[in-house]
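A closer look at the structure
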Amino acid sequence: MARHTYNTGIIGNCAFLAHINTNTNVEWLCWPRFDSTFIFGGLLDKEKGGEFSILPQSDYTSHQYYLENSNVLVTEITIDEHNSYRVTDFAPRYYYNQRYYKPLMLIRKIEAINGSPRVKVKCTPVSDYGKIKLTVNRGSNHIQFLGGDENIRLTTNIPISYVFDEHAFVLNEPKYLVLTYGEPLEAPLISTAERFLMETTQYWQTWIKHSSIATFYQPVVIRSALTLKIHQYEDTGAIIAASTTSLPESPGSGRTWDYRYCWLRDTYYVITALNHIGHFEEMEKYFGYVTDISTAEDKRYQPLYGITGKKQLTEIILEDLAGYEGNQPVRIGNQAFEHIQNDIYGQVLISLLPLYTDHRFIFSERKDSVRWLDFLLSKIEATIDEKDAGIWEFRNMADVHCYSNLFQWAGASAAEKMARTIDNEELVNRAIAMKNRAAEHIESCYDPVRKVYTNAAGGTNLDASTIQLILMNYLDPTSDRAKDHLIALEKELKTDSGLFYRYLYKDDFGKPKTTFLVCAFWYVEALAAVGRIDDAIKEFESLLQFSNHLLLFSEDVDETDGSQWGNFPQAYSHVGLMNAAYRIAMKLDRPVFL
């Protein structure tokens, strides 16, 4: 059986994301926001998802790539030895009038490479997750699609009749397709599209030039950085886990989740990755998002929020959609917003620590320190002895999880440093007390016979999340306890190819059938931390084979054949790669080109 990979690349401008298949079809595009209805959703239903393709009428082969160091995607279609063409897809983004220009606009440039290829354009957007087929109105140089929340317009220099009737035509000059939501393109088509392409390409290449990316597998890290960047919803600063919903963790598993939200649980990892590549602006925007949620939250933090801070993310099953390759259910919303995950308070505290240790932040930006620290320490004090759903969001299981208490320990440690910075003795003492209490819970998970920390107090199961005991420096990476713990985890959870299972015990849906990619990158990072640098490099290199053709990584990977599964691309898989590469680069003492 052939290895399953996702045959799409992504484009985006920090206002929207689109998936372009190697067959030129726009497989996934949600407008006006990441978490809105799809306009094109062929990823989940070939019939009801609409289509936006540019194809010949005969057999063809395709080749897809990004313009170097950019999020501009090129798909080349070869019909035969005499006829071929390319489609360049991008979402405009550049700095203009002291702000970033990032319209809800998808631009497609079609040009012949060889010969005079005949192509056919099909554009059939939908609304309300495929329930609404839009009314089509033709204008002189555009087609309007009506019936959704806003008008969608396709402006083109292709004869409108050819597009309207889906009639093939000869590609004898460059053609442009500009799809807009709400605000149509009123400027000249060709010159504007070319200017936007030049400005957008230049923006991305400059963004990379301004990144501090170490030389260890630099091209791979560059692609991950560009991928992470367009998962940030710039309007609020939120960073989503993935732009997709309901791509199954494994075929027929029923594990189909909507990941178009921001998990506070992963805040620390994201902030760390952005800090490693020197992107302060993105960090600051994310701080702002977390701060806005925190000031509005008077009770518990949720594990995840909407990109505007929305709390109610009610999970709904769309029974009329076929699902990705027939995998159901198709879900929008995510019931995990109701879960109790007590690591979150620590995640937020350690994420805020740079406000106190990084002098790029001015003092006025931490003027509410006492209230902040009191608020977050109170949350840890109230929840430290509770059972919770844990990092993997078990729906019907609760325990005193090692991972949750680790981040409470780390959060209390960060709070202690912050309290010392602002010279508040009472907060220092409270933080130390919480740190010690969390450590007691963590130690209750230690199995002295197997020399390993289990997933929960009194349990016997092992869990990849406990790798973080080493990476968070709860365990001294140079200590025998850290090394023994890692050996025990790799013995049980690691595959021969370096992939890592989250766990191998039964959860609400049975035993997991696929490995979780970010855990493998945590493992690589831990290998580097404990001094097994040759192993770290070997395992890192092994993991690169599990990308798709564009160095994009999924959430899950099948151990047996290396197939990609789960939502795609997974921002946190790329975050894991970036942090692992950075850790190795630092150990090699090669942070910059020499």
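One structure accompanies this document, and this report is about it.

Reading guide: rules and limits
Residues numbered from 1 in each chain as written. Predicted model: local features only at pLDDT ≥ 70, side-chain atom pairs only at ≥ 80, totals over all residues. Heavy atoms only, no water. Axes fitted to C-alpha atoms, helices over the stretch in contact; angles between N-to-C directions. Helix = DSSP H or I, 4+ residues; strand = E, 2+ residues; numbered from the N terminus. Left-handed = near helix turned anticlockwise from the far one by under 90°. Contact = heavy atoms within 4.5 Å. Nonpolar A, V, L, I, M, F, W, Y, C, P; charged D, E, K, R; others polar. Salt bridge = Lys/Arg side-chain N within 4 Å of Asp/Glu carboxyl O. Buried < 20%, exposed > 50% of the residue type's maximum accessible area, 1.4 Å probe, protein only. Pairing = 2+ DSSP bridges. Core = buried A, V, L, I, M, F, W, Y, C linked by side-chain atoms within 4.5 Å. Patch = residues over 30% accessible without salt bridge, like charges linked within 9 Å, V, L, I, M, F, W, Y side chains within 5 Å. Areas by Shrake-Rupley, 256 points an atom, 1.4 Å probe, with all protein chains shown as cover. Lys, Arg positive; Asp, Glu negative; His and termini not counted. Charge placed at Lys NZ, Arg CZ, Asp CG, Glu CD. Phe/Tyr/Trp six-rings, centres within 6.5 Å; stacked < 30°, edge-to-face > 60°. Lys NZ or Arg CZ within 6 Å of the ring centre and 35° of its normal.

Okay, the packing of helix 14 (residues 533-543) against helix 15 (residues 571-587) next. With their axes 11 Å apart at the nearest point, helix 14 and helix 15 run at an angle of 145° to one another. Relative to helix 15, helix 14 is oriented so that their crossing is left-handed. Two secondary-structure elements touch here, helix 14 through I533, A536, I537 and F540 and helix 15 through L577, A580, A581, I584 and K587. Here the residues of the contact of helix 14 with helix 15 are counted per class, giving eight nonpolar, no polar and one charged.

It is worth spelling out the pattern of salt bridges at this point. As enumerated under the stated definition, the model contains 28 salt bridges in all. Note that R33 and D35 form a salt bridge whose closest N and O atoms lie 3.0 Å from each other. Overall, the relative accessible area of 18% leaves D35 in the buried class. Here R420 ties to E416 by a salt bridge, and the two come within 2.8 Å at their closest N and O atoms. With a gap of four residues between them, R420 and E416 both fall in helix 9 (residues 402-421), about one helical turn apart. A residue is classified by how much of its surface remains accessible, and E416, at 11% relative accessible area, is buried. The network of salt bridges with shared partners includes E76, R86, K109, E111 and E194.

On any regular strand, side chains alternate: one points to one face of the sheet, the next to the other face. With seven of ten residues buried, strand 11 (residues 105-114) lies mostly within the body of the structure. Judged from the seven bridges that link them, strand 8 (residues 83-90) and strand 11 form a sheet pairing that is antiparallel. Residue pairing for strand 11: V87 is matched across the bridge by I110. Examined bridge by bridge, strand 11 and strand 19 (residues 175-181) share six bridges and lie antiparallel to one another. Opposite L106, over in strand 19, you have L179 as the bridge partner.

With that settled, the discussion passes to the sheet that holds strand 29 (residues 556-557). Ordered by their spatial adjacency, three strands build an open sheet running 28-29-30, and the pairing between neighbours is antiparallel. The open sheet is flanked by strand 28 (515-516) and strand 30 (564-565), the only strands paired with a single partner. Summarising the sheet, strand 29 and strand 30 pair through two bridges and their orientation is antiparallel. Residue pairing in the sheet places V557 in a bridge with Q564 of strand 30.

Take the nonpolar core next. Counting 205 residues, the largest nonpolar core has F52, Y301 and F540 as the members making the most contacts within it. Here this core takes twelve residues from helix 13 (residues 517-529), the largest share from any one element.

Before going further, it helps to spend a moment on a negative patch on the surface. Judged by side-chain charge, D128, D149, E150, E319 and D320 come together as a negatively charged surface patch. Structurally, D149 is set in the loop between strand 16 (142-146) and strand 17 (152-156). Residue D149 is classed as exposed on the basis of its relative accessible area of 71%.

Looking now at the packing of aromatic side chains. The full count for this structure, using the stated rule, is 35 aromatic pairs. Taken together, a centroid distance of 5.1 Å and an interplanar angle of 65° make the contact between Y95 and Y100 edge-to-face. Taking the relative accessible area as the measure of exposure, Y100 reaches 22% and is therefore partly exposed. Ring centres of Y269 and F407 lie 6.1 Å apart, and the angle between their planes is 80°; on these two criteria the pair is classed as edge-to-face. Within this pair, whereas Y269 is found in helix 4 (residues 267-276), its partner F407 is found in helix 9, the two being separated by 138 residues in sequence. Looking at F407, the relative accessible area reads 0%, which means it is buried. Directly above the aromatic system of Y100 lies the positively charged group of R93, at a separation of 4.4 Å from the ring centroid. A cation sits over an aromatic face here: R502 above F516, 4.6 Å from the ring centre.

Here we take up the pairing of strand 16. By the bridge criterion, four bridges tie strand 15 (residues 135-138) to strand 16 in an arrangement that is antiparallel. Bridging from a neighbouring strand, T135 pairs with L146 of strand 16. Once strand 15 ends, the chain turns through three residues before running back antiparallel as strand 16. Pairing of strand 16 with strand 17, which is carried by four bridges, proceeds in the antiparallel orientation. Directly across from Q144, in strand 17, lies its bridge partner R153. Here strand 16 folds back onto strand 17, and the loop between the two strands holds five residues, one of which, G147, carries a positive phi near 120°.

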